[in-house]
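Letter by letter, the chains look like this.
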Amino acid sequence: MPKYLVIVESPAKAKTIKKFLGNNYEVLASNGHVRDLPKSQMGIDVENGFEPKYITIRGKGDLLAKLRKEVKKADKVYLATDPDREGEAISWHLSQTLKLDDKSTSRITFNEITKNAIKNSIKEAREIDMNLVDSQQARRMLDRMVGYKISPLLWAKVKRGLSAGRVQSVALRIICDREEEINDFVPKEYWNLDASFKVKGEKKPLIAKFYGDTKKKLTIESKEEMDKILEDLKDAQFKITEVKRGERQKKAPLPFTTSTLQQEAAKLLNFSTQKTMRIAQQLYEGVDVKGHGTIGLISYLRTDSIRVSEEADTAAREFIKTQYKPEYVNSQDVNKATGKKIQDAHEAIRPTYVELTPVIIKESLSREQFRLYQLIWKRFIASRMQPAKYETATAKIDANGYRFTVSSSKLIFDGFMAVYVSEDEEEEKTTSNMMSLSEETQLTFEEFNSSQHFTQAPPHYTEAALVKTLEELGIGRPSTYAPTITTIIARRYVIKENKNLYVTELGEAVNKIMKQAFPTIVDVNFTVNLEALLDGVEDGVVNWKTVVSNFYPDLESAVQNAQKELEQITIEDETTDVICSECGRNMVIKYGPHGKFLACPGFPDCRNTKPYFEKIGVACPLCGSDIIIKKTKKGRRFYGCENNPECDFMSWQKPSSKLCPNCNGIMVEKGQKLVCVNESCGHVENDAKEE
């Protein structure tokens, strides 16, 4: 009998696949990559055609020796690493390292680990796709060039082991730009006005919102404007001038891609992107399910495709027809093309067996596995269901040239919402019943309710929002989102508090240097164009060496220029008037992983350190002590009184020494403006320092 060897990436996957194949098959794992560029040098021969210098990864020697033994015993070798460019590259590295014979070696891929998928992949075995391999090689080399050339400069400039990255530095810039927007944001005043009416035969009052005049929508921007409108409407007769009724639909969501799964898991389950990917990997590779053994529960997790196989699509529709009703099945084809580059060899993320409902397998899963599986299962089933339908009504109520509106919606068919309700849909609430309203309905005016508001600054990025932005801009690919975010948090460029991402002092310093010395690297458009070229390599229309060789000279030139400039502005230790309590020397300001701190210049003889509190030259408005720059436990910067905890003054924005001329309240700096923190005052003026 012939003997076959199947090589996969992970032991968990090997265990799952082994049960689907007969005794003639041996299934072993490579445990990820077996070769990579060396850590001690750039590992790219710039002088000789940009050839990468691959070496065996430390610790993989014994594993490769075992694989070589099994290769000698096998009549045929199947390389079954993950179905993406990274998996293709691992297969190529294995074929090179193990010196596999092309005639007796085949590449197989599958989007789900099921018996049918494994058997079919062997029938459709192919050669290694060198376009995919070259795309991965180009990405790896570009990332290595950026990291290897720029990171030492950051180290020299900011005095600690930092790193730059082709995608991570752009992601950091996006977060820094948003932080700048928030800091510079000046709130604008606006007012809401509601009118309450009694409708004959209805217990609840009808609440209508101010729209404007009968010609256009208006925004009430001050109390003076509000007072004028209220004066104009005094003793006015209100009349319903139009009632429109209709029906609207809310479409079923599309099945998950990597990006949308990370976003929904962050919103609904409070999972980090890294956690989502880790648990999804477990569900994909295989879980021991009671009565079924070890089986893969979801399809491949790194994808930007929404396509679903015909077999899975049919199974889902049959399930819906049986478990719900035939009218819940969406008869239309929901496999729509998205107009952008997608890895369409993949499918969307979906359950491998729709009949294994979350309830059935709950006992076999950990709590986190269950929650993520339930999310994926519900979303996929919902994607094959009919839209939800609402009965709608809108009324216009006019008086003295002004217009108020009221609208209502009533759910009349839940459709996909019988299975899946996202955060957005939960927020949608039906207003008061207007089904009896008509132009003849008599209204009795009861009261006005006015309220002052101020526009809000853009929100801080969350992991979900950052993933969405990276995807929309075309920066990185599904496999890079989680490691990119993990890296910038691990480097302490960004901290995460209550889901929000905040830039640290360290992150601001690194971003400033990158923008100054390497503007191209952190330019969003440049990064997007580079991604397009790398996709061109994958499609076989761009040579990978051309991309690498065109990129390197500009990077090298920028590095050389930066070396000259950065040498001139190297940060020197700043001496303070704080005396070291151990040896009496004047302490100096040092930079550490968490920002500035005070250290004794007598190091290593004296190792005394203290927290550094930088005064901003402004007196505390509550007690008159100095205001200092402080940090939360995680590293987010704020301004507080040095007399804390006796004085509890704090502000996220930098306070000004000038008090508000209107209410005597605290003024803070926002861009080139000074803004009163008292929202009911809202005074804004130009910052005298900028004039």
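**Student:** With reference to specific residues and values, describe the environment of S135.
**Tutor:** The topology assignment puts S135 in helix α5 (residues 130-158). A sequence separation of 46 residues divides S135 from A89, and the C-alpha atoms of the two residues are 8.9 Å apart. Discounting chain neighbours no more than four positions away, the residues touching S135 are R85, L534, V537 and E538. Looking at S135, its side chain comes within polar contact range of the main-chain oxygen of L534, at 3.4 Å.

**Student:** Give a detailed account of the sheet that holds strand β28 (residues 666-670), specifying residues and quantitative values.
**Tutor:** If you walk across this open sheet you meet the 4 strands as β27-β28-β29-β30, and the pairing is antiparallel. Taken across any chain shown, the strands that pair with only one partner, and hence form the sheet edges, are β27 (655-659) and β30 (684-686). This sheet shows a mean twist of 35° between the axes of neighbouring strands, independent of strand direction.

**Student:** Any chance you could break down the nonpolar core for me, citing the residues and the numbers?
**Tutor:** In summary, soluble globular proteins display a tendency toward joint burial of nonpolar side chains. Core analysis: the biggest nonpolar cluster contains 66 residues, and F110, L283, L297, L372, Y373 and I381 have the highest contact counts within it. When neighbours within four sequence positions are excluded, I381 is seen to be in contact with A316, F319, I320, V354 and V419. Among the nonpolar cores identified, the runner-up in size contains 52 residues, and A138, L470, F518 and A562 belong to it.

**Student:** Run through the pattern of salt bridges, naming residues and quoting values.
**Tutor:** Counted by the stated rule, this structure contains 32 salt bridges. Note that D36 is salt-bridged to R140, the shortest N-O span being 3.0 Å. Within this pair, whereas D36 is found in strand β3 (residues 35-36), its partner R140 is found in helix α5, the two being separated by 104 residues in sequence. Notably, a salt bridge pairs D227 with K223, separated by 3.3 Å at the nearest N-O pair. Linking D227 with K223, this pair stays in helix α7 (residues 223-232), spanning 4 residues, or about one helical turn. For K223, a relative accessible area of 44% translates into the label partly exposed. A single salt-bridge network, built from bridges that share partners, covers R139, D143, R166, R477, E531 and D535.

**Student:** Pulling in residues and values, what's your account of a positive patch on the surface?
**Tutor:** Taken together, the side chains of R68, K69, K72 and K99 define a basic patch exposed on the protein surface. Turning to its location among the elements, K99 is positioned in the loop between α3 (85-97) and β8 (105-107).

**Student:** Provide a residue-level description of the sheet that holds strand β25 (residues 637-641), including the pertinent values.
**Tutor:** With antiparallel pairing, 4 strands are arranged side by side in an open sheet as β23-β24-β25-β26. The sheet is open, and its two edges are formed by β23 (614-619) and β26 (650-651), each paired on a single side. Pairing between β25 and β26: 2 bridges, direction antiparallel. Looking at β26, one finds that Y639 is bridged to S651.

**Student:** Go over helix α14 (residues 463-473) with me, naming the residues and quoting the values.
**Tutor:** Turn by turn, an α-helix covers 3.6 residues, leaving residues three or four places apart pointing in a common direction. Those residues of α14 lying buried are E463, A464, L466, V467, T469, L470 and E471. Where α14 is buried, its residues meet α6 (168-184), α8 (258-269), α9 (273-285), α15 (481-490), β17 (494-497) and β18 (500-503). One or two residues past the end of α14 sits G474, with phi positive at roughly 85°.

**Student:** Now, about the state of the cysteines: what can you tell me, with residues and values included?
**Tutor:** Taken as a whole and judged by the stated rule, the model has 0 disulfides. Here C600 stays free of any disulfide, with the sulfur of C583 as its closest cysteine sulfur at 3.4 Å. Since its relative accessible area comes to 2%, C600 is described here as buried. No disulfide involves C676; its sulfur sits 3.5 Å from the nearest other cysteine sulfur, which is in C663.

**Student:** Just give me the short version of the packing of aromatic side chains, but keep the residues and values in it.
**Tutor:** Evaluated as defined, the whole model comprises 19 aromatic pairs. Arranged with centres 5.4 Å apart and planes meeting at 15°, the rings of F238 and F445 form a pair that is stacked. Linking F238 in the loop between α7 and β11 (239-250) with F445 in strand β16 (residues 443-454), this pair joins segments that are 207 residues apart in sequence. Ring centres of F404 and F448 lie 6.2 Å apart, and the angle between their planes is 25°; on these two criteria the pair is classed as stacked. Of this pair, F404 sits in strand β15 (residues 402-413) while F448 sits in strand β16, and the two are 44 residues apart along the sequence. Through successive ring pairs, a cluster of aromatic residues spans F197, F210, F238, Y402, F404, F445 and F448. A cation sits over an aromatic face here: R35 above W92, 5.6 Å from the ring centre. Here the basic side chain of R178 rests over the ring of Y461, its NZ or CZ set 4.2 Å away from the ring centre.

**Student:** So what's going on with the side chain of Q263? Residues and values would help.
**Tutor:** With respect to the helices and strands, Q263 occurs in helix α8. A polar contact of 2.7 Å, which involves the side chain of Q263, links it to the side chain of S259. What Q263 contacts, discounting residues up to four positions off in sequence, is A464, V467, K468 and E471.

**Student:** Requested: an account of the pairing of β18, with residues and values cited.
**Tutor:** The side chains of a regular strand alternate, residue by residue, between the two faces of the sheet. Taken together, the 4 bridges between β17 and β18 define a ladder with antiparallel strand orientation. Bridged to V494 within β18 is V503.

Quick notes on the rules
Residues numbered from 1 in each chain as written. Predicted model: local features only at pLDDT ≥ 70, side-chain atom pairs only at ≥ 80, totals over all residues. Heavy atoms only, no water. Helix = DSSP H or I, 4+ residues; strand = E, 2+ residues; numbered from the N terminus. Contact = heavy atoms within 4.5 Å. Polar contact = N/O pair within 3.5 Å; in protein donor to acceptor, adjacent residues only side chain to side chain. Pairing = 2+ DSSP bridges. Axes fitted to C-alpha atoms, helices over the stretch in contact; angles between N-to-C directions. Core = buried A, V, L, I, M, F, W, Y, C linked by side-chain atoms within 4.5 Å. Buried < 20%, exposed > 50% of the residue type's maximum accessible area, 1.4 Å probe, protein only. Salt bridge = Lys/Arg side-chain N within 4 Å of Asp/Glu carboxyl O. Patch = residues over 30% accessible without salt bridge, like charges linked within 9 Å, V, L, I, M, F, W, Y side chains within 5 Å. Areas by Shrake-Rupley, 256 points an atom, 1.4 Å probe, with all protein chains shown as cover. Lys, Arg positive; Asp, Glu negative; His and termini not counted. Charge placed at Lys NZ, Arg CZ, Asp CG, Glu CD. Disulfide = S-S within 2.5 Å. Phe/Tyr/Trp six-rings, centres within 6.5 Å; stacked < 30°, edge-to-face > 60°. Lys NZ or Arg CZ within 6 Å of the ring centre and 35° of its normal.

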